[in-house]
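Residue-level structural notes
Residues per chain are reported as follows:
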Amino acid sequence: MRRISIDPITRLEGHGKIEIFLGDDGSVSNCYFQVPELRGFEKFVEGMPIEEVPRVVSRICGV
Amino acid sequence: MAKLKLASYWAAACGGCDVAILDTHEKILDIAAAADIVFWPIATDFKYADVEAMPDGHIDVTLFHGAVRNSENEHLAHLLRAKSKVLVAFGTCAHLGGIPGLANLFDRKAIFKCVYHDTQSTVNPDGVEPQTKTQMPEGELTLPEFYDTVMPLDHLVEVDYYVPGCPPTPKQIWAVVQAIVSGQLPPKGSVVGASEKTQCDECKLKKNEKKITSFKRIATAQPEHETCYLEQGFLCLGPVTRGGCDTRCQLSGVPCRGCYGPPPGVLDQGAKAVSAIASVIEAKDEAEIGRILAEIPDALRSLNRFGIPASLLRRKTL
Amino acid sequence: MTFEPKIMGILCNWCSYTGADLAGTARIKYAPNVRVVRVMCSGRVDPTFVLKAFAEGADGVLVAGCHPGDCHYIEGNYKTMRRMALFKKMLADYGIEPGRFRLEWVSASEGDRWAKVVNQITEEVRKLGPAKLRAPRRKKIPA
């Protein structure tokens, strides 16, 4: 079984990697997409005054 | 003149710093004329393996943005330090920890519990959490280790220059690029692309005398946009924030939240904010002081929104 | 072996330092755990000093000044009062137990009171245990 790693995926916003497993005949036997990033916005805005939240969560994505 | 080899990498980032570079608009062509981009995930297809294969010092300048959140970010911090002649902590996250640094009030366990189990939109009946190693029938899959504590870049490697801002303004980015290209940079370890004074120095709002008798929130009160926000009782971190962004927030109708980081000589932006803001409260009686300060909810996250990882204590003790 | 807290004391020259000095000349016996730094006025105390003390290994910090109304510089200790009140909220958000940080007013004639305050904060911090807030820099050799 051959393995092709695409790390990182590029030309988009965000982090990701793709692992492709090829059988002996060269066809794809399985393919996995993984997201190796997490920042935890859902947790760390807990307890913030509501009017401050937009200025924080706008940093989830700058694009 | 040989073209500069330029790299730009994002750790725990949002992409805003990359977009700010693109927001230099037509100047991006000048940047492309002066530099060969050798690694820039948002815009080019170079892989980590390509960077690993480079000789040490191969890259002339790397702009590293995003905070260090996990082992992959750490690996790239060390890797890019080795492969770069000049390493720049670009943007507030790399400089101070930034917004992702707010996670330092929690730890991995609390964050994973919320994200993978408790949030209302999560459907995870088997309680699966990301693992650093997962054995699948075809082979082993890996993910980076998520650390308990977010770090700014200089907690791990020697940083040559800091460009503050969330994100840095395109005007300042262009100034920094020009300084790099012309070789006219200040001593290593300096903050570049920003003023040596505070926000108040460039702020055009009318300043009178600060005598705060109560604090207001923009959720429940309407600020006047011609007068200093702090004077009106709206929390503004202008006095403890480095200038250089042309007071873009204040001009947009909201008080400063400190993204350009502490002014020169200040070790802890949050501590200085306490000092500066408490100094201008008008009260001499403990009960009155208590009443006024009760109007500041969420002290740490309001007084040090962007720099908790770079603060003296770095994180909440749990 | 019992834990001996390391407590930093920042005392104003005119009242609290003199009061502490009086405790010495009067030969009062009290806990030796507070290391004293003298400033001219408690209004000089920047919250940064307190955080730096914790970050460098202090288990507790004590700031002492003149009683309100008695400040040698008239208004200095009112600034202290306001700063430390807001600072205590920040300390709580950092997860630091309130017993580790104290603001006290001690006059030049209150040698007894100084000894009592030091004994109290020493016992309280002893019960809380080491603060463990010193954060080492991590610089790993790249793999």
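Numbers given to residues run from 1 along each chain, matching the order in which its sequence is written. Here the convention is simple: chains get letters from A, ligands get numbers from 1, in the order in which they are written. A pLDDT threshold of at least 70 governs which residues receive local features in this predicted model, and a stricter bar of 80 or more applies before side-chain atom pairs are shown or counted, although totals over entire chains, interfaces and linings include all residues. As a convention, hydrogens and water are excluded, and side-chain values are obtained from all of the structure's heavy atoms.

With respect to the overall build of chain A
- A tally of helices and strands in chain A yields two helices and three strands.
- Only DSSP runs of H or I covering at least 4 residues are called helices, and only runs of E covering at least 2 are called strands; the numbering of each starts at the N terminus. What you see in chain A, going N to C, is helices and strands ordered as β-β-β-α-α.
- When we talk radius of gyration, it's over C-alpha atoms, and the globule rule is simply 2.2 Å times the number of residues to the 0.38. The C-alpha atoms of chain A give a radius of gyration of 18 Å, which is well past the 11 Å a tight globule of 63 residues would have.
- By principal-axis analysis of the C-alpha atoms, chain A measures approximately 60 × 20 × 10 Å.
- Summary of the burial criterion: residues with accessible area below 20% of their type's maximum are buried, those above 50% are exposed, and those between are partly exposed, where the area comes from a 1.4 Å probe applied to protein chains only. Counting the 63 residues in chain A, one finds 48% classified as buried.
- For chain A, the accessible area works out to roughly 3300 Å², and carbon and sulfur atoms hold 56% of it.
- Positive charges come from Lys and Arg alone, negative charges from Asp and Glu alone, with His and the N- and C-terminal ends not counted. A single reference atom marks each charge: NZ on Lys, CZ on Arg, CG on Asp, CD on Glu. Across chain A, 8 positive and 10 negative side-chain charges occur, with their mean positions spaced 4 Å apart. Computed by Shrake-Rupley with a 1.4 Å probe, the accessible areas treat only the displayed protein chains as cover when residues are assessed.

Some points on the overall build of chain B
- Helix and strand content of chain B: twelve helices and ten strands.
- A globule of 318 residues ought to have a C-alpha radius of gyration of about 20 Å, and chain B, at 22 Å, matches this closely.
- Dimensions along the principal axes, computed over C-alpha positions, put chain B at roughly 65 × 60 × 30 Å.
- Buried positions account for 58% of the 318 residues belonging to chain B.
- Residues are treated as being in contact if the distance between any of their heavy atoms lies within 4.5 Å. Long-range contacts, defined here as pairs at least 24 residues apart, represent 73% of the contacts in chain B between residues at least 6 apart.
- A total of about 12900 Å² of accessible surface is found on chain B, and carbon and sulfur atoms cover 54% of it.
- Each charge class in chain B was averaged separately, 33 positive and 38 negative side chains, and the resulting centres sit 5 Å apart.

Points about unusual backbone geometry
- In this model, Asp7 of chain A is joined to Pro8 of chain A through a cis peptide bond whose omega is 0°.
- Counting through the fold element by element, Pro8 of chain A comes out in the loop between strand E1 (2-6) and strand E2 (17-22).

Side note on the interface of chain C and chain B
- Facing 30 residues of chain C, the contacting portion of chain B comprises 40 residues.
- Buried area is calculated as the accessible area (1.4 Å probe) missing from two parts once they are joined, with the contributions of both summed. Here chain C meets chain B over a buried area of about 3400 Å², counting both sides, of which 63% is carbon and sulfur.
- Just to be clear on terms, a salt bridge is a Lys or Arg side-chain nitrogen sitting within 4 Å of an Asp or Glu carboxyl oxygen. Residues Asp46 of chain C and Lys272 of chain B are paired through a salt bridge, measuring 2.7 Å at the closest nitrogen-oxygen approach.
- Polar contact is the term for a pair of N or O atoms within 3.5 Å; when the atoms are in protein, one must be able to donate a hydrogen and the other to accept it, and sequence-neighboring residues count only if both atoms are side-chain atoms. Applying the counting rule to chain C against chain B returns 14 residue pairs in polar contact (both at pLDDT 80 or more).
- Of all elements in the fold, only helix H2 (47-55) and helix H3 (76-93) of chain C reach the threshold of two or more residues within the side of chain C that touches chain B.
- A total of eleven residues in the side of chain C that touches chain B trace back to one element, the largest contributor, which is H3 of chain C.

A closer look at the interface of chain A and chain B
- The interface is formed by 44 residues belonging to chain A together with 57 residues belonging to chain B.
- Between chain A and chain B, roughly 4100 Å² of surface is buried when both sides are summed, and carbon and sulfur atoms account for 59% of that area.
- The tally of links between chain A and chain B comes to four salt bridges.
- The partner of Arg11 of chain A in a salt bridge is Asp45 of chain B, with the nearest N and O atoms 3.4 Å apart.
- Between the two partners, chain A and chain B, sit 22 residue pairs in polar contact (both at pLDDT 80 or more).
- For the side of chain A that touches chain B, the elements supplying multiple residues, two or more each, are E1, E2, strand E3 (28-34), helix H1 (41-44) and helix H2 (53-57) of chain A.
- Split into classes, the residues belonging to the side of chain A that touches chain B amount to 20 nonpolar, nine polar and 15 charged. Each residue receives one of three labels: charged for Asp, Glu, Lys and Arg, nonpolar for Ala, Val, Leu, Ile, Met, Phe, Trp, Tyr, Cys and Pro, and polar for the others, Gly being one of them.

Quick notes on the arrangement of the chains
- Across the two pairs of chains in contact, the largest number of contacts is found between chains A and B.
- At their nearest point, the C-alpha atoms of chain A and chain C are still 11 Å apart, with no contact between the two.

Things to note about the packing of helix H10 (residues 269-279) of chain B against H2 of chain C
- For the pair H10 of chain B and H2 of chain C, interaxial distance at closest approach is 8 Å and the crossing angle is 150°. Put simply, H10 of chain B runs roughly antiparallel to H2 of chain C. Two secondary-structure elements touch here, H10 of chain B through Ala271, Lys272, Val274 and Ser275 of chain B and H2 of chain C through Pro47, Thr48 and Leu51 of chain C. For helices, the fitted axis covers only the stretch in contact; all axes are lines through C-alpha atoms, and the angles between them, taken along N-to-C directions, range from 0 to 180 degrees. In this scheme, roughly parallel covers angles under 35 degrees and roughly antiparallel covers those over 145, while 65 to 115 is roughly perpendicular and the rest are oblique.

Things to note about the sheet that holds E3 of chain A
Residue and element names in this part refer to chain A.
- A pair of strands counts as paired when DSSP detects no fewer than two bridges linking them. An order of E1-E2-E3 is seen for the three strands of this open sheet, with the pairing classed as antiparallel. With partners counted over all chains shown, the strands left at the sheet margins are E1 and E3, one partner each. The average undirected angle you get between the axes of adjacent strands in this sheet is 15°.

Digging into the nonpolar core
- Take the buried Ala, Val, Leu, Ile, Met, Phe, Trp, Tyr and Cys residues and link them wherever side-chain atoms come within 4.5 Å; each set so joined is a nonpolar core. Counting residues in hydrophobic clusters, the biggest one holds 131 residues, and the most contacted among them are Phe44 of chain A together with Tyr9, Phe64, Leu153, Phe215 and Leu303 of chain B.
- Examining the composition of this core, we find that seven residues originate from one element, H3 of chain C, more than from any other.
- In this view, Leu303 of chain B contacts Leu235, Leu237, Gln269, Gly270, Ala273, Val274 and Ile277 of chain B together with Leu86 and Met90 of chain C; residues no more than four positions away in its chain are not counted.
- By size, the runner-up hydrophobic cluster in this structure holds 14 residues, among which are Ile7, Ala20, Val34 and Val117 of chain C.

A few points about the packing of aromatic side chains
All names here are of chain A.
- Ring geometry is summarised as follows: Phe, Tyr and Trp rings, the Trp one being its six-membered ring, pair when their centres sit within 6.5 Å, and such pairs are stacked at plane angles under 30 degrees, edge-to-face over 60 and tilted between the two. Under the counting rule described, the total for this entry stands at nine aromatic pairs over all chains.
- Taking 4.7 Å as the distance between ring centres and 45° as the angle between the ring planes, the aromatic pair formed by Phe41 and Phe44 counts as tilted. Taken together, the positions of Phe41 and Phe44, both in helix H1 and three residues apart, correspond to about one turn of that helix.
- A residue is classified by how much of its surface remains accessible, and Phe41, at 7% relative accessible area, is buried.

Observations regarding a nonpolar patch on the surface
- Residues form patches when they are more than 30% accessible in relative terms and have no salt bridge. Like charges link within 9 Å. Nonpolar side chains (Val, Leu, Ile, Met, Phe, Trp, Tyr) link within 5 Å. Together, Trp14, Met40 and Tyr73 of chain C line one region of the surface with nonpolar side chains, adding up to about 290 Å² of accessible area.
- For Tyr73 of chain C, the location among the structural elements is in the loop between strand E3 (60-65) and H3.

Points about the packing of H10 of chain B against H3 of chain C
- The geometry of H10 of chain B relative to H3 of chain C is characterised by a closest axis approach of 8 Å and an angle of 140° between their N-to-C directions. It follows that H10 of chain B is oblique to H3 of chain C by the angle criterion. Our pair here, H10 of chain B against H3 of chain C, has a crossing hand that is right-handed. On the side of H10 of chain B, the interface is formed by Gly270, Ala271, Val274, Ser275, Ala278 and Ser279 of chain B, while H3 of chain C contributes Lys79, Arg82, Arg83, Leu86, Phe87 and Met90 of chain C.
- When the residues that make up the contact of H10 of chain B with H3 of chain C are grouped by side-chain class, the tally is six nonpolar, three polar and three charged. Crossing chirality is assigned from the near helix's rotation relative to the far helix, an anticlockwise turn below a right angle marking it left-handed and a clockwise turn marking it right-handed.

Looking at the domain arrangement of chain B
Residues and elements named next belong to chain B.
- Residue ranges for the domains originate in an automatic or database domain assignment. Domain boundaries in chain B define domain 1 (4-99 + 148-182), domain 2 (107-147) and domain 3 (196-318).
- Just the C-alpha atoms count here: the centres of domain 1 and domain 3 sit 29 Å apart.
- When domain 1 packs against domain 3, close to 1400 Å² is buried across both sides, 58% of that on carbon and sulfur atoms.
- Inspection of the region where domain 1 meets domain 3 yields one salt bridge.
- Between Lys171 and Asp246 there is a salt bridge, with its nearest N and O atoms 2.9 Å apart.
- Our enumeration of links across domain 1 and domain 3 arrives at ten residue pairs in polar contact (both at pLDDT 80 or more).
- Of all elements in the fold, only helix H5 (92-96), strand E8 (146-151) and helix H7 (170-182) reach the threshold of two or more residues within the side of domain 1 that touches domain 3.
- Of the residues forming the side of domain 1 that touches domain 3, the biggest block, four residues, is contributed by E8.
- Of the residues that constitute the side of domain 1 that touches domain 3, the class distribution is nine nonpolar, nine polar and two charged.

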